[in-house]
Amino acid sequence: MQTLTVQVEDNYIQNFMNYVNNHSENITILKDKNLESDSFFYERKKELHQIRDDIKSGKSQLISFDDFENNTTQLEKELELKYAN
């Protein structure tokens, strides 16, 4: 058996469900609990895995919150000086 993701237009859902019911010996519908709570679960999962891989490979770096806060404060000061009226 294969698992597929199917997107069905809202106005066609009843027709789709009728088709599934008529062919129920060959089709099983399961709700994906991940998608119930977050419709972008798998997209976010893929993105997080890519971020993790980038960190592991050295392509990206993690910085401490203190460093982030200091960098942000410095950037704000530079922008205020540059765009002050």
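As the structure is a prediction and not an experimental result, all values here were calculated from the model. (Residues numbered from 1 in each chain as written. Predicted model: local features only at pLDDT ≥ 70, side-chain atom pairs only at ≥ 80, totals over all residues. Heavy atoms only, no water.)

Description of the overall build of the chain
Next, step 1: A tally of regular secondary structure across the chain gives four helices and zero strands.
Next, step 2: Shown N-terminal to C-terminal, the secondary structure of the chain runs as helices and strands in the order α-α-α-α.
Next, step 3: For 85 residues, the compact-globule estimate of 2.2 N^0.38 gives 12 Å, and the chain exceeds it by more than 25% at 24 Å.
Next, step 4: Its C-alpha atoms give the chain principal-axis dimensions of about 70 × 40 × 20 Å.
Next, step 5: Put simply, the chain has 85 residues, and 4% of those count as buried.
Next, step 6: Measuring between centres, the 10 positive side-chain charges of the chain sit 5 Å from its 16 negative side-chain charges. (Helix = DSSP H or I, 4+ residues; strand = E, 2+ residues; numbered from the N terminus. Rg over C-alpha atoms; globule rule 2.2 N^0.38 Å. Buried < 20%, exposed > 50% of the residue type's maximum accessible area, 1.4 Å probe, protein only. Lys, Arg positive; Asp, Glu negative; His and termini not counted. Charge placed at Lys NZ, Arg CZ, Asp CG, Glu CD.)

Re the layout of surface pockets
Next, step 1: Roughly 1,200 Å³ of volume is contained in the largest pocket.
Next, step 2: Lining the largest pocket are 25 residues; nearest its centre among them are Leu-4, Thr-5, Val-6, Ile-29 and Leu-30.
Next, step 3: Those elements that place two or more of their residues in the lining of the largest pocket are helix H1 (13–22), helix H2 (33–37) and helix H3 (41–57).
Next, step 4: Of the residues forming the lining of the largest pocket, the biggest block, four residues, is contributed by H1. (1 Å grid on protein atoms, 1.4 Å probe; cavity = no way out; pocket = protein on both sides within 12 Å on 5 of 7 lines; lining within 4 Å. Points joined across faces, edges and corners; volume = space filled by probe spheres on them.)

Description of the packing of aromatic side chains
Next, step 1: With the rule as written, the count across this model stands at two aromatic pairs.
Next, step 2: Ring geometry for Phe-41 against Tyr-42: centres 4.8 Å apart, planes inclined by 90 degrees, an arrangement best described as edge-to-face.
Next, step 3: Residues Phe-65 and Phe-68 carry aromatic rings whose centres are separated by 6.2 Å and whose planes lie at 40 degrees to one another, so their mutual orientation is tilted. Placement of the pair is Phe-65 and Phe-68 together in helix H4 (residues 65–83), with a separation of three residues, close to one helical turn.
Next, step 4: The class of Phe-68 is partly exposed, set by a relative accessible area of 47%. (Phe/Tyr/Trp six-rings, centres within 6.5 Å; stacked < 30°, edge-to-face > 60°.)

Things to note about the pattern of salt bridges
For side chains bearing opposite charge, pairing can occur when the charged atoms are close.
Next, step 1: All chains considered together, the criterion is met by two salt bridges.
Next, step 2: Between Asp-38 and Arg-44 there is a salt bridge, and its shortest N-O distance comes to 3.0 Å.
Next, step 3: Arg-52 serves as the salt-bridge partner of Asp-53, at 3.8 Å between the closest nitrogen and oxygen.
Next, step 4: Asp-53 gets classed as partly exposed once you look at its relative accessible area, which sits at 37%.
Next, step 5: For Arg-52, a relative accessible area of 39% puts it in the partly exposed group. (Salt bridge = Lys/Arg side-chain N within 4 Å of Asp/Glu carboxyl O.)

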